[in-house]
Amino acid sequence: MKKRFKFDDYEINIIILALVELRNRLIEEDRYTDAVDELIIKLS
């Protein structure tokens, strides 16, 4: 079951910043970032 959420611009910016921080941590740990990258693209 798919769920849809509506976020305003402020909320989207917070989510993207959190995802970028997660992505940076994954890069530092030499782990894959594909899923996080896809989410960042979808939210941009």
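This one's a predicted model, so the numbers in the text were calculated from it and none came from an experiment.

> Run through the overall build of the chain, naming residues and quoting values.
Looking only at helices and strands, the chain features two helices and zero strands. Along the three orthogonal principal directions, the C-alpha set of the chain runs to about 35 × 25 × 15 Å. Across the 44 residues in the chain, those meeting the buried criterion constitute 16%. Total accessible area on the chain is roughly 4400 Å²; 55% of this is exposed by carbon and sulfur atoms. Here the chain contributes 8 positive and 10 negative side-chain charges, whose respective centroids are spaced 10 Å apart.

> Give a detailed account of the packing of helix 1 (residues 9-28) against helix 2 (residues 34-43), specifying residues and quantitative values.
Packing of helix 1 against helix 2 brings their axes to within 10 Å, and their N-to-C directions diverge by 160 degrees. If you check the angle between helix 1 and helix 2, you find them roughly antiparallel. Crossing geometry of helix 1 relative to helix 2 is assigned as left-handed. Counting all contacts with helix 1, which are made through I12, I15, I16, L19, V20, L22, R23 and L26, the residues of helix 2 involved are V36, D37, L39, I40 and L43. Taken together, the residues of the contact of helix 1 with helix 2 sort by class into 11 nonpolar, no polar and two charged.

> Requested: an account of the pattern of salt bridges, with residues and values cited.
Under the counting rule described, the total for this entry stands at two salt bridges. In this structure, D37 engages R23 in a salt bridge whose closest nitrogen and oxygen atoms are separated by 2.4 Å. With D37 in helix 2 and R23 in helix 1, the pair connects residues that are 14 residues apart, well separated along the chain. Residue class for R23 comes out partly exposed when judged on its relative accessible area of 29%.

About the thresholds
- Residues numbered from 1 in each chain as written.
- Predicted model: local features only at pLDDT ≥ 70, side-chain atom pairs only at ≥ 80, totals over all residues.
- Heavy atoms only, no water.
- Helix = DSSP H or I, 4+ residues; strand = E, 2+ residues; numbered from the N terminus.
- Buried < 20%, exposed > 50% of the residue type's maximum accessible area, 1.4 Å probe, protein only.
- Areas by Shrake-Rupley, 256 points an atom, 1.4 Å probe, with all protein chains shown as cover.
- Lys, Arg positive; Asp, Glu negative; His and termini not counted.
- Charge placed at Lys NZ, Arg CZ, Asp CG, Glu CD.
- Axes fitted to C-alpha atoms, helices over the stretch in contact; angles between N-to-C directions.
- Parallel < 35°, antiparallel > 145°, perpendicular 65-115°, else oblique.
- Left-handed = near helix turned anticlockwise from the far one by under 90°.
- Contact = heavy atoms within 4.5 Å.
- Nonpolar A, V, L, I, M, F, W, Y, C, P; charged D, E, K, R; others polar.
- Salt bridge = Lys/Arg side-chain N within 4 Å of Asp/Glu carboxyl O.

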